[in-house]
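Residue-level structure breakdown
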Amino acid sequence: MAYPDLDSASAKLHQRGRASIPDGISRGLALIRPHPIYVESGQGAWVTDVDGRRYLDANNNFTSIILGHANPAVTEAVTKQLSKGTAFAMGTEAEIELAELLCERVPSIERVRFCNSGTEAVMGAIKAARAFTGRPMIAKIEGAYHGTYDHAETSLGATPSNWGTEDAPTPVLYADGTPASVADEVAIIPFNNSSAARSIVDRNGERLAAVLIDTMPSRVGLPLIDTEFLRTVFASAHAVGALVIMDEVISFRLGIAGNQGRLEVEPDLTALAKIIGGGFPVGAVGGRADVMEVHAGQVDVRPRLPAGGTFSANPVTMVAGLACMQQLTEASFQRLDEVGQRIRSGLTDAFSRIGVDWQVTGHGSLFRIHPHGRPVRSYREAHLSDDEALAMDFLQKRLLERGVYLPGYGLGCMNLSTSDSDVTHLVDAVADAIVAVV
Ligand SMILES: Cc1ncc(COP(=O)(O)O)c(C=O)c1O
């Protein structure tokens, strides 16, 4: 099928949307030019657009859908809650139930506070680390995405023209208008570079509240983390009295206790979101009880870190998250690993069969396609040239024509409804699309 043309319902919606929404769509990554695709519905592993075209969903709302679209148990739990009311200025039992499930599953999480997004969770974790340590600064990984809080997005878009030296990367402000002072409060660590990590943390020691790390950062190329680097980050942060914040907003889908369970580490704080909301907006900060105490006040004494949030822990999200998480067992993660592994090895075979120097990285249900053969261990190695970025844009369109949705930068993510024939469909579509691209 051809990409939806100018007469399509998607093109018409885009035209209409542009009159009320800049670019006609509220999320940057959902924008595809000349017009994005608007979805009508999703079921299991597939979505249907407003023109009735069907696509295998190889993204799952940027990794937030893990069971499949319109999961019956989640739908039932939410429907029941809708008739009881959706948001209250008082607590609900559902909030405690989801918090208990997270505390039971993840050894490092002794207490949890809910919010509404991964951006808020990362911001909340940073503020908790600052409140606990009394220090202003964080260190984060070059190129890693953690949502849109000023400090957390530093060096997200670093380029060869501004990223500085490998051993001491320059903090690069992301959005226009970000206060220049933010760069003084963020140190940048290159992924998988232990000696640089050690010296950057040491250099900023007394000012450092936390090191923020995603152990499988998608924008860094979805590389595997070196054990020595991981150990260095934890040891050097703790040696200077800083906390380790693990961003598991995506990587929580890698195991029953997230990627921290797989890697056998216990961060001081963890930022969660995506799958724990069962398809609804969610975020959470979890961690050590003594650190999380910054949220607790006493009569007449306000907490060290006051935190609000009109819709934080709303019962619709909480029951959806619970209904989703309760269905996830060890066997679910084994199945996701198997699906991901079949995709990664199928793509690797296809690349060599076609004779292109492409590669795929990732683990579990996550994969990322790279239009080059350079090793991918850090942001600088994964960074695409203009031509490579263009090739990925073409790939996205050619895949849509072949019934697969994958975002423009090639991050793939499958849900538990993915069948073996869906895997074959995906691998065949990518192989066919690459032939068209190259
Ligand atoms: C690793 C990571 N952290 C944080 C976020 C921000 O989450 P949200 O989009 O829910 O604000 C994202 C979003 O994709 C993410 O990938």
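Because the structure is predicted, anything quoted here is derived from the model rather than measured. (Residues numbered from 1 in each chain as written. Predicted model: local features only at pLDDT ≥ 70, side-chain atom pairs only at ≥ 80, totals over all residues. Heavy atoms only, no water.)

In this structure, proline 34 follows arginine 33 across a cis peptide bond, with omega equal to 10 degrees. You can see proline 34 is positioned in the loop between helix 1 (9–17) and strand 1 (39–43). A positive phi is found at glutamate 264, a non-glycine position, where the angle reads about 60 degrees. Among the structural elements, glutamate 264 can be located in the loop between helix 8 (258–263) and strand 9 (269–273). (Helix = DSSP H or I, 4+ residues; strand = E, 2+ residues; numbered from the N terminus.)

Whether parallel or antiparallel, the strands of a sheet pair through hydrogen bonds between backbone atoms. An order of 4-10-9-8-7-5-6 is seen for the 7 strands of this open sheet, with the pairing classed as mixed. Where the open sheet ends on each side, the last strands, each with one partner, are strand 4 (111–115) and strand 6 (186–189). Here the average twist between neighbouring strands, direction ignored, is 20 degrees. Two strands pair when backbone bridges link them, and strand 5 (residues 137–141) and strand 6 are joined in this way by 4 bridges, in the parallel orientation. Across the sheet, isoleucine 141 pairs through a bridge with isoleucine 189, a residue of strand 6. (Pairing = 2+ DSSP bridges. Axes fitted to C-alpha atoms, helices over the stretch in contact; angles between N-to-C directions.)

This paragraph deals with the site of the ligand. In the vicinity of the ligand, the contacting residues are Ser117, Gly118, Thr119, Tyr145, His146, Gly147, Asp214, Asp247, Val249, Ile250 and Lys274. The contact in question runs from an oxygen atom of the ligand to an N or O atom on the backbone of glycine 118, over 2.8 Å. Its free accessible area being 390 Å², the ligand has 82% of it covered by the protein chains. (Near = heavy atom within 4 Å. Polar contact = N/O pair within 3.5 Å; in protein donor to acceptor, adjacent residues only side chain to side chain. Areas by Shrake-Rupley, 256 points an atom, 1.4 Å probe, with all protein chains shown as cover.)

Now for the side chain of arginine 344. The residue arginine 344 is located in helix 11 (residues 330–354) in this model. Here arginine 344 is in contact with Asp337, Val360, Thr361, Gly362, His363, Gly364, Leu366 and Phe367, once residues within four sequence places are set aside. (Contact = heavy atoms within 4.5 Å.)

Across its 16 residues, helix 5 (residues 118–133) extends 22 Å between first and last C-alpha, which sits within 8% of the 22 Å expected from 1.5 Å per residue. Those residues of helix 5 lying buried are Gly118, Ala121, Val122, Gly124, Ala125, Ile126, Ala128, Ala129 and Arg130. The elements touched by buried residues of helix 5 are strand 4, strand 5, strand 7 (208–213), strand 8 (243–247), strand 9 and strand 10 (283–287). Near the N-terminus of helix 5, the side chain that reaches the backbone nitrogen of threonine 119, with its oxygen 3.4 Å away, is that of serine 117. Positive backbone phi, approximately 70 degrees, marks glycine 134, located one or two places after helix 5. (Expected span 1.5 Å × (residues − 1). Buried < 20%, exposed > 50% of the residue type's maximum accessible area, 1.4 Å probe, protein only.)

What follows covers the packing of aromatic side chains. Tallying each qualifying case throughout the model produces 3 aromatic pairs. Relative to tyrosine 379, the ring of tryptophan 163 lies with its centre 6.0 Å away and its plane at 75 degrees, an arrangement referred to as edge-to-face. With tryptophan 163 in the loop between strand 5 and strand 6 and tyrosine 379 in helix 12 (residues 379–382), the pair connects residues that are 216 residues apart, well separated along the chain. This pair shows no difference in class: tryptophan 163 is buried, exactly as tyrosine 379 is. Between phenylalanine 351 and tryptophan 358, the aromatic rings sit 6.2 Å apart at their centres with planes inclined by 50 degrees, giving tilted as the arrangement. Judged by its relative accessible area of 3%, phenylalanine 351 is buried. (Phe/Tyr/Trp six-rings, centres within 6.5 Å; stacked < 30°, edge-to-face > 60°.)

So, about the pattern of salt bridges. Under the criterion given, the structure shown has 12 salt bridges. Among the ionic pairs, aspartate 290 bridges to arginine 288, the shortest N-O distance being 2.7 Å. Ionic pairing is found between aspartate 420 and arginine 342, a salt bridge with its closest N-O pair at 3.0 Å. In this pair, aspartate 420 sits in helix 14 (residues 420–437) while arginine 342 sits in helix 11, placing the two residues 78 residues apart along the sequence. In this structure aspartate 420 comes out as partly exposed when scored by relative accessible area, which is 39%. Here the residues in one salt-bridge network are Arg335, Glu338, Arg342 and Asp420, joined through shared partners. (Salt bridge = Lys/Arg side-chain N within 4 Å of Asp/Glu carboxyl O.)

Interpretation in functional terms is not warranted from these geometric data alone.
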